[in-house]
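# Structural description and commentary
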Amino acid sequence: MISQGSSEHSICFAIPQNQALLASSTIKTVFETERTRGIQTLEVTESCTILAVVGDTMSGTPGVAASFFGALARAGVNVRAIAQGSSERNISVVIDEADAAKALRAAHAGFYLSKQTLSIGLIGPGHVGSAFLDQLAGRSEWLLEEFGVDLRVRAICATKKMIVDQAPIELSSWRERLDEEAIPADLDELAAYVHTESVPHAVIIDCTASENIGSRYLDWLSAGIHVITPNKKANTGTLDYYRSLREHGRRSDAHYLYETTVGAALPILQTLRDLVQTGDEIQRIEGILSGTLSYLFNSFDGTKPFSEIVRQAWEMGYTEPDPREDLSGLDVGRKVVILAREIGMDLDLSDLEIDGLVPEGLEDGSVNNFLDRLENHDDEMAGLVEGATSRGEVLRFVGSIAPEEGCSVALRSYPTDHPFARIHLTDNIVQFQTARYNDNPLVVQGPGAGPEVTAGGVFADLLRLASNLGATL
Ligand SMILES: NC(=O)c1ccc[n+]([C@@H]2O[C@H](COP(=O)([O-])OP(=O)(O)OC[C@H]3O[C@@H](n4cnc5c(N)ncnc54)[C@H](OP(=O)(O)O)[C@@H]3O)[C@@H](O)[C@H]2O)c1
């Protein structure tokens, strides 16, 4: 194969490796003998492969090269040289030998000759993670048959142990395997397994609440591994880290998806992005952003003690692993930070005013101990709800983001005909007041917590990723 650009500054030959030495010394001798001027370098690059797309109907069909190179780019394959004859029946590229299997699969999938394959590593098979694996188990065959999307889970990792496999992990028995065949958890080993050279696309799904896992995202994205997460820690860390993640997600081949960090599966971040990107001016975003606190204040009408309602929500998996993250307002605070940063505000969690609900003295200690001692504060909470009821209002814990006025998190009361008063169970509700949606704000409302809906949102992000990578979903 020969490749030469129109600048005529380089000529590239692809030849069998066992002839490379002979060829280079022959060429060198010829140039020296003939005293050819202007030859600056003669380089031999070993361990390369030629990948060719060949077809009679390619000729005169626009977009063949774009599909080919697009598929290679999305799989992170670097192209060293390109050749296409004027008959347009063959496009050949020289790539690194190590990328051969991945490139072949990506090119096949790019022309719909084979499935779009994603290698998946799941970290955190807790409430959300296990619900996600169950949903995937029930849908993967249909996605494969209907859309040619092949979603292969190759690693599942909990705090101390993990299972990894070259073959897709059978999703009907991952729990037994994690109990019986697990090896010690090792995030580097997990990433290496998931990011195998033979599969074009790798994604790590972080379903933990761990800061440590969040601190790995940038490394994974830099290595070409896509990241999907409902974990808020990375986006609410330092501004510099957040900016690096966003920039990386925009610039490189690795995508970063985190729709479920605010409102579980509700389209809150996507709606906000649509408003901002189409030039609307955000005046205020206000919302009930915690499914837990929504549930608590929907249920809390004074007939049952507040502490009993909190314990019930925790047992049903509606709360964060430690319910104080919700009651302290920290979880809402994190969502406020994510929304504020999404519209370009330089907000840090430490700068946010949070008026939380964890009584003084109960900040530390075990979750069970906290829930027991919360009973001592039931009277205070009963007083607040009685006050609101006497004014014809209800209590709601809200987060507010206003570019001109700033951001806050607090317990407020609203008249019973306000949209915030008319919500159900774990509903989240967000009002976007903008230049376009001014007198009548745009409202997104629905269940904003619970493992099933959150897992559904993570799954939807995974399918969005597959679509970004070229699947026709
Ligand atoms: N639950 C909801 O309704 C909801 C809604 C929206 C967003 N979220 C977010 O979704 C995430 C998961 O929530 P969840 O309710 O599923 O929590 P969970 O039930 O406590 O599950 C957490 C999982 O993460 C694992 N884990 C924790 N630290 C780890 C580490 N360093 N390395 C590997 N694995 C680790 C735990 O493993 P072990 O089993 O070994 O402890 C567990 O499997 C959180 O970020 C949460 O904020 C949850």
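Located above this text is the structure these notes cover.
One structure accompanies this document, and this report is about it. (Residues numbered from 1 in each chain as written. Predicted model: local features only at pLDDT ≥ 70, side-chain atom pairs only at ≥ 80, totals over all residues. Heavy atoms only, no water.)

This part takes up the packing of aromatic side chains. Applying the stated rule across the entire model yields 10 aromatic pairs. Judged by centre distance (5.4 Å) and plane angle (40°), the rings of Phe68 and Phe69 are tilted. When the ring of Tyr256 is compared with that of Tyr258, the centres are 4.8 Å apart and the planes differ by 45°; the resulting orientation is tilted. Each member of the pair, Tyr256 as well as Tyr258, carries the same accessibility label: buried. Of the aromatic side chains, those joined through ring pairs into one cluster are Tyr217, Trp220, Tyr256 and Tyr258. Taking the ring centre of Trp142 as reference, the NZ or CZ of Arg139 above it sits at 3.7 Å. Note that Arg273 overlies the ring of Tyr258, its terminal NZ or CZ placed 5.5 Å from the centroid. (Phe/Tyr/Trp six-rings, centres within 6.5 Å; stacked < 30°, edge-to-face > 60°. Buried < 20%, exposed > 50% of the residue type's maximum accessible area, 1.4 Å probe, protein only. Lys NZ or Arg CZ within 6 Å of the ring centre and 35° of its normal.)

Now for the side chain of Thr454. The topology assignment puts Thr454 in helix 17 (residues 451–468). What Thr454 contacts, discounting residues up to four positions off in sequence, is Val128, Pro230, Thr260, Ala264 and Ala449. (Helix = DSSP H or I, 4+ residues; strand = E, 2+ residues; numbered from the N terminus. Contact = heavy atoms within 4.5 Å.)

Here we take up the sheet that holds strand 3 (residues 48–54). Backbone hydrogen bonds are what pair the strands of a sheet, in a parallel or an antiparallel way. One open sheet holds the 3 strands; their spatial order is 3-5-4, and the pairing between them is antiparallel. Every other strand in the sheet has two partners, leaving strand 3 and strand 4 (79–84) as the edge strands with one partner each. On average, each strand axis in the sheet is inclined to that of its neighbour by 20°, with strand direction left out of account. Pairing of strand 4 with strand 5 (residues 90–96) involves 5 bridges; the strand directions are antiparallel. Paired with Val79 across the strands is Ile95, a residue of strand 5. Taken strand by strand, helix 2 (residues 64–74) contacts strand 3, strand 4 and strand 5, and its axis lies near 15° from that of strand 5. (Pairing = 2+ DSSP bridges. Axes fitted to C-alpha atoms, helices over the stretch in contact; angles between N-to-C directions.)

Before going further, it helps to examine the site of the ligand. Close to the ligand lie 24 residues; His127, Val128, Thr159, Thr208 and Gly450 are nearest. At a separation of 2.8 Å, an oxygen atom of the ligand approaches a polar backbone atom of Val128. Note that an oxygen atom of the ligand is positioned 3.1 Å from one of the side-chain N or O atoms of Lys232. For the ligand, the protein covers 78% of the area, taking 910 Å² as the surface of the free molecule. The site holding the ligand turns out to be the second largest pocket. At the level of secondary structure, the elements contributing two or more residues to the shell around the ligand comprise helix 4 (127–147) and helix 17. (Near = heavy atom within 4 Å. Polar contact = N/O pair within 3.5 Å; in protein donor to acceptor, adjacent residues only side chain to side chain. Areas by Shrake-Rupley, 256 points an atom, 1.4 Å probe, with all protein chains shown as cover. 1 Å grid on protein atoms, 1.4 Å probe; cavity = no way out; pocket = protein on both sides within 12 Å on 5 of 7 lines; lining within 4 Å. Sits in = over half its atoms within 2 Å of the grid points.)

Our focus in this paragraph is the layout of surface pockets. A probe matching the size of a water molecule, rolled over the atoms, marks out where space remains unfilled. Taken as a whole, the largest pocket encloses approximately 1,100 Å³ of empty space. Taken together, 35 residues make up the lining of the largest pocket; nearest its centre are Ile11, Cys12, Phe13, Leu42 and Glu43. Those elements that provide at least two residues to the lining of the largest pocket are strand 1 (2–4), strand 2 (11–13), helix 1 (20–33), strand 3 and strand 4. Each pocket or cavity is described by its volume, and for the second largest pocket that value is around 660 Å³. Residue lining of the second largest pocket: 36 residues in total, with Val128, Lys232, Thr319, Glu320 and Pro321 positioned closest to the centre. Where the lining of the second largest pocket is concerned, the elements lending two or more residues are helix 4, helix 11 (291–299), helix 13 (324–327), helix 14 (330–342) and helix 17. It is helix 14 that contributes the most residues to the lining of the second largest pocket, 3 residues altogether. Its residues placed into classes, the lining of the second largest pocket shows 12 nonpolar, 16 polar and 8 charged. (Points joined across faces, edges and corners; volume = space filled by probe spheres on them. Nonpolar A, V, L, I, M, F, W, Y, C, P; charged D, E, K, R; others polar.)

Taken as a whole and judged by the stated rule, the model has 20 salt bridges. Of the charged contacts in the structure, one is a salt bridge between Glu405 and Arg284, with a shortest N-O distance of 2.5 Å. With a gap of 121 residues between them, Glu405 in the loop between strand 15 (393–402) and strand 16 (406–415) and Arg284 in strand 13 (residues 282–288) connect regions that are remote in the sequence. A residue is classified by how much of its surface remains accessible, and Glu405, at 64% relative accessible area, is exposed. One connected set of salt bridges, linked through shared partners, spans Asp165, Arg177 and Glu181. (Salt bridge = Lys/Arg side-chain N within 4 Å of Asp/Glu carboxyl O.)

Turning to its location among the elements, Asp165 is positioned in the loop between strand 8 (161–164) and helix 5 (174–180). Sequence-distant contacts of Asp165, that is, excluding residues within four places in its chain, are made with Arg154, Arg177 and Tyr193. For Asp165, the side chain forms a polar contact with the side chain of Arg177, separated by 3.0 Å.

Another aspect to go through is helix 16 (residues 378–390). With 13 residues, helix 16 should cover 18 Å at 1.5 Å per step; its first-to-last C-alpha distance of 19 Å lies within 8% of that length. What helix 16 keeps buried is the set Asp378, Met381, Val385 and Ala388. Seen end-on, helix 16 carries its buried residues on one side only, within an arc spanning 95°. Residues of helix 16 that are exposed and angled more than 90 degrees away from the buried face: Asp379, Glu380, Glu386 and Ser390. On its buried face, helix 16 is in contact with helix 11, helix 12 (306–315), helix 15 (367–374), strand 15 and strand 16. Where helix 16 ends, the next residue or the one after it, Gly392, has phi of about 75°, a positive value. (Expected span 1.5 Å × (residues − 1). Arc of directions from axis to C-beta.)

The values reported here are purely geometric and, on their own, carry no functional implication.
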